[in-house]
Amino acid sequence: MTVSVKNRVIAIIAEQAVLDVDQVSPEMRLDELGIDSLGLVESVFAIEEAFDISVPFNANAPEQSGFDMTTVASIIAAVEDMVAQSA
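A brief report on the enclosed structure follows. (Residues numbered from 1 in each chain as written. Predicted model: local features only at pLDDT ≥ 70, side-chain atom pairs only at ≥ 80, totals over all residues. Heavy atoms only, no water.)

A look at helix α3 (residues 72-86)
- Along its 15 residues, α3 runs 21 Å from first to last C-alpha, staying within 8% of the 21 Å computed at 1.5 Å per residue.
- Along α3, the residues that are buried comprise Val 72, Ser 74, Ile 75, Ile 76, Ala 78, Val 79, Met 82 and Val 83. (Helix = DSSP H or I, 4+ residues; strand = E, 2+ residues; numbered from the N terminus. Expected span 1.5 Å × (residues − 1). Buried < 20%, exposed > 50% of the residue type's maximum accessible area, 1.4 Å probe, protein only.)

Structure below.
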């Protein structure tokens, strides 16, 4: 399950960044990938839809949302936790 979550999250982020999947690695920051605030919100919606979860993310105060959207790895870890909790 972990690998599929990782691959799906990377695919979603790559799509938002208009990059190939192999150009996105877990240690990369979203700002390095050129994802702006709108892309961030679209990423959250895509993740929610892909995993049937509700991401606790507030675009107006992202640092207060409790969902770390700084790096690809932090998003993967948070989604893995949420998917495990919803199972």
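So, next bit.
What about the environment of Asn 7?
- Relative to the elements of secondary structure, Asn 7 occurs in helix α1 (residues 2-17).
- Given a relative accessible area of 44%, Asn 7 falls into the partly exposed group.
- The spatial distance from the C-alpha of Asn 7 to the C-alpha of Val 21 is 8.6 Å, given a sequence separation of 14 residues.

A few points about unusual backbone geometry
- Of note, Val 18 is a non-glycine position whose phi angle comes to about 55°, a positive value.
- Note on placement: Val 18 falls in the loop between α1 and α2 (37-51).
- Classification of Val 18 by relative accessible area gives exposed; the value is 71%.
- Phi is positive for Asp 52, which is not a glycine, with a value near 55°.
- With respect to the element layout, Asp 52 can be found in the loop between α2 and α3.

Topic: the environment of Phe 67
- Take Phe 67: it is sitting in the loop between α2 and α3.
- Phe 67 sits in the buried class, given a relative accessible area of 4%.
- Counting along the chain gives 30 residues from Phe 67 to Ser 37, while the straight-line C-alpha distance between them is 15 Å.

Quick word on the nonpolar core
- Grouped together as the largest cluster of nonpolar side chains are 27 residues, with contacts concentrated most on Ile 13, Leu 30, Phe 51, Ile 75 and Val 79.
- Excluding its chain neighbours within four sequence positions, the residues that come into contact with Leu 30 are Ile 13, Ile 35, Leu 40, Met 69, Thr 70, Val 72 and Ile 75. (Core = buried A, V, L, I, M, F, W, Y, C linked by side-chain atoms within 4.5 Å. Contact = heavy atoms within 4.5 Å.)

Some points on the packing of aromatic side chains
- Applying the stated criterion to the full structure yields zero aromatic pairs.
- The positively charged end of Arg 8 is found above the aromatic ring belonging to Phe 51, 4.5 Å away from the centroid. (Phe/Tyr/Trp six-rings, centres within 6.5 Å; stacked < 30°, edge-to-face > 60°. Lys NZ or Arg CZ within 6 Å of the ring centre and 35° of its normal.)

Some details on the side chain of Ser 43
- Relative to the helices and strands, Ser 43 is located in helix α2.
- Engagement of the side chain of Ser 43 in a polar contact is seen with the backbone oxygen of Gly 39, the distance being 2.8 Å.
- Dropping the residues within four chain positions of it, Ser 43 is found in contact with Ile 12 and Gln 16. (Polar contact = N/O pair within 3.5 Å; in protein donor to acceptor, adjacent residues only side chain to side chain.)

What to know about α2
- Relative to the 21 Å expected for 15 residues at 1.5 Å per residue, α2 spans 21 Å between its end C-alpha atoms, a close match to the ideal helical length.
- The set of residues buried in α2 consists of Gly 39, Leu 40, Ser 43, Val 44, Ile 47, Glu 48 and Phe 51.
- N-cap assignment for α2: the residue whose side-chain oxygen lies 3.3 Å from the backbone N of Leu 38 is Asp 36.
- Just past α2, the residue Asp 52 takes up positive phi, approximately 55°.

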